[in-house]
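Structural features, examined
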Amino acid sequence: MKSIIKYLRILPLIMMLTSCSSSDDSGVDEEKPSITINYDGGFPQACEVLERGNTYTFKARATDNLALAAYSLNIHHNFDHHTHDDQGAQCELEPTKDAVNPMIYIENFDVEEGATSYEINVSIDIPEDIDPGDYHCSYSVTDVTGWQSRTSVDIKIL
């Protein structure tokens, strides 16, 4: 009986030691997806001027080491001169002003399952009756494990 109790006391220690592993878990995704408009065909580029009443195709390239899950496109006014932490080139801004009828476009989209690269391609009509001026165009992409990356640029709508 004493030997059984002795082994039962040692059993948790043996189980704990055998459950530990010295190898790294290679199944954990530690890499964010990437997204860029800085390629031939990427649109809009920094400081691009868009005209009200026209339709534009917004394009960005997204990639991930495992798989992409979703992306979003956000166009909003910058009449107050705010910035985004991922913003590239700074454009010359008009004086600050209050928004009366600004364009606001925010849409989320899914990426086909298993895709590791994807070209975002969204056609958007710029309404004729919106406030002209400074805007931001922001793209974000999320991979299947939840990592997210984004990029944004200043644009003008006249």
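Description of the structure in this document. All of these numbers come straight from a predicted model, not from anything done at the bench.

Our next topic: the sheet that holds strand β1 (residues 34–36). The strand order β1-β3-β6 describes an open sheet built from three strands, whose pairing is antiparallel. Here the strands that pair on one side only, and so sit at the sheet edges, are β1 and β6 (117–125). Adjacent strand axes in the sheet meet at a mean angle of 25 degrees when their direction is disregarded. With three bridges connecting them, β1 and strand β3 (residues 55–63) associate as antiparallel partners. Bridging across to β3, T36 finds its partner in R61.

In this structure, A67 sits in the loop between β3 and β4 (68–77). Through-space distance from the C-alpha of A67 to that of G114 is 5.1 Å; in sequence the pair is 47 residues apart. Beyond its immediate stretch of four places on either side in the chain, A67 contacts G114, A115, T116, D143 and V144.

Attention shifts here to the side chain of D131. Within the secondary structure layout, D131 lies in the loop between β6 and β7 (133–143). No salt bridge is formed by the buried D131; its nearest oppositely charged neighbour, K97, is found at 5.9 Å. Side-chain polar atoms of D131 contact the backbone nitrogen of N101, separated by 2.7 Å. Not counting chain neighbours up to four residues away, the residues in contact with D131 comprise F79, A99, V100, N101 and P102.

Conventions and cut-offs
- Residues numbered from 1 in each chain as written.
- Predicted model: local features only at pLDDT ≥ 70, side-chain atom pairs only at ≥ 80, totals over all residues.
- Heavy atoms only, no water.
- Pairing = 2+ DSSP bridges.
- Helix = DSSP H or I, 4+ residues; strand = E, 2+ residues; numbered from the N terminus.
- Axes fitted to C-alpha atoms, helices over the stretch in contact; angles between N-to-C directions.
- Contact = heavy atoms within 4.5 Å.
- Buried < 20%, exposed > 50% of the residue type's maximum accessible area, 1.4 Å probe, protein only.
- Lys, Arg positive; Asp, Glu negative; His and termini not counted.
- Salt bridge = Lys/Arg side-chain N within 4 Å of Asp/Glu carboxyl O.
- Polar contact = N/O pair within 3.5 Å; in protein donor to acceptor, adjacent residues only side chain to side chain.

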